[in-house]
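# Structure assessment
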Amino acid sequence: MDLDALTGCLASSACLVTQITSGFIIGMLLFLVAVGLTLIFGVLKVVNFSHGAFYMFGAYFAMTVYQLSGSFALAMLAGAVGTAIIGLIFERGFMSRVYGADVLMQLLVCYAFVLIFDDVVRMVWGPEFKSMGMPAAFQVMPLFIAGGVVPPYYLLLIGVALAAAVVLGLGLAQTRIGKVIRAAAHNPGMVSALGINTGLIYGGVFALGGMLAGLAGALAAPVRSLTPGMGFSVLIESFIVTVIGGMGSILGALIGALLIGLIRSFGTLGFPLFTEGLMYLFMVIVLVSRPTGLFGKEVA
Amino acid sequence: MTELRAEQGAPALDVSRTEVKPRRNRDALIALALFVVLALLPMVFSSKLLLDFVIRCAAYGLFATSLNLLVGYTGLTSFGHGMFFGLGAYGFGLMMQKTGVPVPVAFVATLAITFVVALVIGAICVRLREIYFAFVTLAFQMLIHSTILSWVSLTGGDQGLRGGIPRPPFWGIDLSNQLHLYLASCALLVIGLLLMRQIAQSPFGYTLRMIRDNATRASFIGIDVWRAKLMIFVLAALFASTGGMIMALFVSGAYPEFAYWTTSGEGIFINMLGGVTTFLGPMVGTVLFLILNDTVTRLTEYHGLVLGTVILFFAIGLRKGLMDFAVEWYAQRRNGPGGRG
């Protein structure tokens, strides 16, 4: 414990800016992963325990394409689209067979894929740590805001994530497809009776969720190191985010992700060894006081 | 799976106390016979590997069977049961390393610690349902795991509890002798299984099945669902902790992985493998899992790939564990094709 460092930082504007920015990028990456998780849960009522693997694939795809083509935009695209395809195959081929089965079965299928995906990555890319490196376009002078250092890449990352949040929120609320998805979440039997292919919607939602996680992985690739087990810690954190925010709530995922991001970035100052523990503690406190999360509704 | 459970829960209504007693005697006899067989084993086969295997079966078997009391009997999908396995291993290991108390005292004290911790954690967790229960147990487990990692001065951090666990002889039992450790592990396993069997067959056990099948109805007829869930949560934790203690003695240490999510995942997998609707399913699952694990580790470095494929086969192909499959097959054969029950 190092409370002096924490109070010292809270008193300095430069340190505050730095920590808040770093909290925001952690939070935004988590949001992209968690929002996919929450979407899949909201529509399919399935907890996708293998969601972290999509994040991992996103990062590896982005790194590979970036090394081959040198184009950052192409790398991001590869991360997002590649994982969307994997999500679609995973849902149509495997998850769709355990709908309506025990929660245990669904968890097990996902658990099996966590093991399989990690080993597949180990086979293809090797077990050691990899890094993608920062694209040249972003290797410029950082911005200084109130004395705090803010790399331009961080701003891009936050911007992309916020844009995704807005598009997703508006898309679900306003467009026809969004309405069909919400209807399918509410009453799949009725939607299917109206002649809409629910299997297609389920596959689509899974692909969308996978795409968001893959995008998060691709965005994280320049600033994080890549390793076969990297999906898991992200998965656990995004679970915490969805549970804190309330399963199925997009706004909840955003708020939850930012809270966890800030807890992490300030926690490393005050409790360097117990930062992870702080998150779990926070989750426990939220769940004890509000069992369905901050924005969750009681699921019947 | 749900229909199976409903069938199994049905006879609960006409269980009277007179019926329970002969069954108790029969179970005790079976347990005694099992222990005698296990005790004779080293005289027939003089393989150290076999003894090690049985000791590991005892540790994992107690863990998995106790998890089934939650998952199969009460419908509580705990994803954090490994924390009590880890708690047992660390509690016992630390007690022996730091205090020098006799083994039985450390054993009882570790159970007491587990009891208190499980009571506090359980009181919070069992209020939540299904997926929220799974997550909050997972979170508590990770909380304990990160405490183990960060409290380096006490637990050795990610290096684990090393330097060996002292095991002074007591009552003529010397646990540093492999044969003694083997016999003690077998005794703990058999006693543990017998006790868990009693719990499962008691009126309380039937209350648990009722909560699993219809919690609302259970609370309508006056059962305190929260209390019953808490009781089984704590009881299951005690048996998992015992498994952890056997493991600590076996590896002469304790490692953070014991309390990591993978241990809980393995526990769930073992239950799935063996089946959750029979009492001995998890035990069968344990033996299969350990054999599978040992073989796969020897054959390939990608053992997640193989293990994952096997899990997929059980989850998507069979949709139930081996014992469940066998029991159903037997019932079908006995009643002729098409006829069930």
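Everything below is about the structure shown above.
All figures in this text were calculated on a predicted structure; none of them were measured in a lab.

Let's shift gears to a nonpolar patch on the surface. Residues and elements named next belong to chain B. Residues Leu29, Leu32, Val36, Leu40, Met43, Val44 and Phe45 make up a contiguous nonpolar surface patch of roughly 750 Å² in combined accessible area. Relative to the assigned elements, Leu32 resides in helix 2 (residues 17-44). Among the residues examined, Leu32 registers a relative accessible area of 53% and is labelled exposed.

Attention now goes to the interface of chain B and chain A. Opposite the 43 residues of chain B that make contact, chain A presents 43 residues. Between chain B and chain A, roughly 4000 Å² of surface is buried when both sides are summed, and carbon and sulfur atoms account for 81% of that area. Three residues, Tyr132, Phe135 and Trp261 of chain B, lead the burial of chain B against chain A; their summed loss comes to 17% of the area buried on that side. Taken together, the links from chain B to chain A amount to 0 salt bridges. With 13 residues, helix 6 (residues 130-150) of chain B is the single largest residue contributor to the side of chain B that touches chain A.

Right, let's talk about the nonpolar core for a bit. The biggest cluster of nonpolar side chains holds 205 residues, and the ones touching the most others in it are Phe31, Leu32 and Phe49 of chain A together with Phe135 of chain B. Those residues in contact with Phe31 of chain A, other than ones at most four positions away along the chain, are Ala161, Ala165, Ile250, Ala253, Leu254 and Ala257 of chain A.

Its place among the elements puts Met272 of chain B in helix 12 (residues 261-274). C-alpha separation for the pair Met272 of chain B and Lys320 of chain B, spaced 48 residues apart in sequence, amounts to 6.6 Å. Leaving out residues up to four positions away in the same chain, Met272 of chain B has contacts with Leu104, Met105 and Leu108 of chain A together with Phe314, Lys320, Gly321 and Leu322 of chain B.

With that settled, consider helix 12 (residues 275-289) of chain A. For an α-helix, 3.6 residues make a turn, and residues three or four places apart therefore share a direction. Between the first and last C-alpha of helix 12 of chain A there are 22 Å, a value that for 15 residues agrees with the 21 Å anticipated at 1.5 Å per step. When we look at burial in helix 12 of chain A, the residues that qualify are Thr275, Gly277, Leu278, Met279, Tyr280, Met283, Val284, Val286 and Leu287 of chain A. Where the residues of helix 12 of chain A are buried, they touch helix 10 (230-245) and helix 11 (250-270) of chain A together with helix 6 of chain B.

On to the environment of Ser264 of chain B, then. Residues and elements named next belong to chain B. Here Ser264 is to be found in helix 12. Ser264 gets classed as buried once you look at its relative accessible area, which sits at 1%. Through-space distance from the C-alpha of Ser264 to that of Phe84 is 9.8 Å; in sequence the pair is 180 residues apart. Within polar-contact distance, the side chain of Ser264 engages the backbone oxygen of Phe79 at 3.5 Å.

To continue, consider the packing of aromatic side chains. Inspection of the entire model under this criterion finds 31 aromatic pairs over all chains. A centroid spacing of 6.4 Å and a plane angle of 90° characterise the contact between Phe54 of chain A and Phe206 of chain A, whose relative ring orientation is edge-to-face. Taken together, the residues Phe54 of chain A in helix 3 (residues 51-69) and Phe206 of chain A in helix 9 (residues 198-220) connect sequence positions 152 residues apart. What makes Phe54 of chain A buried here is its relative accessible area of 0%. The buried category is assigned to Phe206 of chain A, whose relative accessible area is 0%. Through a chain of ring-to-ring contacts, the aromatic side chains of Phe54, Phe57, Tyr60, Phe61, Phe90, Phe94, Phe113, Phe117, Trp125 and Phe206 of chain A assemble into a single cluster. In this structure, Arg209 of chain B packs its charged tip against the face of Tyr206 of chain B, placed 4.3 Å from the ring centre.

Each value, and the rule that gives it
Residues numbered from 1 in each chain as written. Chains lettered and ligands numbered in written order. Predicted model: local features only at pLDDT ≥ 70, side-chain atom pairs only at ≥ 80, totals over all residues. Heavy atoms only, no water. Patch = residues over 30% accessible without salt bridge, like charges linked within 9 Å, V, L, I, M, F, W, Y side chains within 5 Å. Areas by Shrake-Rupley, 256 points an atom, 1.4 Å probe, with all protein chains shown as cover. Salt bridge = Lys/Arg side-chain N within 4 Å of Asp/Glu carboxyl O. Helix = DSSP H or I, 4+ residues; strand = E, 2+ residues; numbered from the N terminus. Buried < 20%, exposed > 50% of the residue type's maximum accessible area, 1.4 Å probe, protein only. Contact = heavy atoms within 4.5 Å. Buried area = accessible area lost by both parts, 1.4 Å probe. Core = buried A, V, L, I, M, F, W, Y, C linked by side-chain atoms within 4.5 Å. Expected span 1.5 Å × (residues − 1). Polar contact = N/O pair within 3.5 Å; in protein donor to acceptor, adjacent residues only side chain to side chain. Phe/Tyr/Trp six-rings, centres within 6.5 Å; stacked < 30°, edge-to-face > 60°. Lys NZ or Arg CZ within 6 Å of the ring centre and 35° of its normal.

Read these as geometric descriptors, not functional statements.
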